[in-house]
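Okay, here's what each chain looks like letter by letter:
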Amino acid sequence: SRQLRGASEARPLAMAATTAAAKHQDDPQEVAVLFGSQTGNAQDVAEDLKRQICRSAKYGRLRVRSCTCQALDDFDVTTLPLRTIAIFVTSTTGQGDPPDNMRKFWRFLCRKSLPLRTSLPDLYYAVFGLGDSSYPLYNVVARKLYKRLEDLGAEPMV
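Values in this document were obtained by computation on a predicted structure and should not be read as measured data.

Enquirer: A description of the side chain of Ser91 should follow, citing residues and the corresponding values.
Expert: Relative to the assigned elements, Ser91 resides in strand β3 (residues 85–91). The exposure class of Ser91 is buried, given its relative accessible area of 12%. If we ignore the near neighbours within four places in the chain, the residues touching Ser91 are Gly36, Ser37, Gln38, Ala42, Pro99, Leu130 and Val141.

Pasting the structure below:
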């Protein structure tokens, strides 16, 4: 199994955030980096990604007003429709289960009462999955999250 080693893995996602932010040139964007992590690896990658985005903003390569990083269950999911850029970093645990600090977020996002294609029309997103590719359910949580966000009307950055 391959473990991620920090900022070098975060650079492609920082570039994706740059692309999404470029679509909103007149208004600096808020970027939410959200993670679901069981062992801390996804949290480490999310924090590295946040540092890369902040560094790019500091040197003028990216127009962001702010960049936050937090666990998915600490994030107020009801504010997701107000966001324009969100980057998700998650792992898969057990037999294809979301990490403990993502379960409330996931239950909310999977509500059947959420209207398809219109719940997140202004959100650009990326999903980055971590895991061991030797497992049969490798990155299943990341794949499901990507699909659910797309079903709710969000636009993938990558």
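Continuing now.
Enquirer: Could you give an account of helix α4 (residues 140–151), naming the residues involved and the relevant values?
Expert: In a regular helix each residue adds 1.5 Å, so 12 residues correspond to 16 Å; α4 covers 16 Å between its end C-alpha atoms and thus fits that length. On its buried face, α4 sits against β3, α3 (103–109) and β4 (124–130).

Enquirer: Report on the nonpolar core, specifying residues and quantitative values.
Expert: Residues Leu80, Phe88, Phe105, Leu109, Leu145 and Leu149 are the most contacted members of the largest nonpolar core, which totals 25 residues. At the level of elements, β1 (29–36), β3, α3, β4 and α4 are the ones that each hand at least two residues to this core. If one sorts the elements of this core by residue count, α4 sits on top with five residues. Residue contacts for Leu145: discarding those within four places in its chain leaves Phe88, Met102, Phe105, Trp106, Leu109 and Val127. Counting residues in each nonpolar core, the second largest holds 20 residues, with Ile53, Leu62, Val89 and Phe128 among its members.

Enquirer: Describe the pattern of salt bridges, listing the residues and the values that go with them.
Expert: Per the counting criterion, the structure on display carries five salt bridges. The shortest N-O distance in the salt bridge between Arg83 and Glu30 comes to 3.7 Å. Of this pair, Arg83 sits in the loop between β2 (64–71) and β3 while Glu30 sits in strand β1, and the two are 53 residues apart along the sequence. By relative accessible area, Arg83 is classed as buried at 15%.

What counts, and at which threshold
- Residues numbered from 1 in each chain as written.
- Predicted model: local features only at pLDDT ≥ 70, side-chain atom pairs only at ≥ 80, totals over all residues.
- Heavy atoms only, no water.
- Helix = DSSP H or I, 4+ residues; strand = E, 2+ residues; numbered from the N terminus.
- Buried < 20%, exposed > 50% of the residue type's maximum accessible area, 1.4 Å probe, protein only.
- Contact = heavy atoms within 4.5 Å.
- Expected span 1.5 Å × (residues − 1).
- Core = buried A, V, L, I, M, F, W, Y, C linked by side-chain atoms within 4.5 Å.
- Salt bridge = Lys/Arg side-chain N within 4 Å of Asp/Glu carboxyl O.

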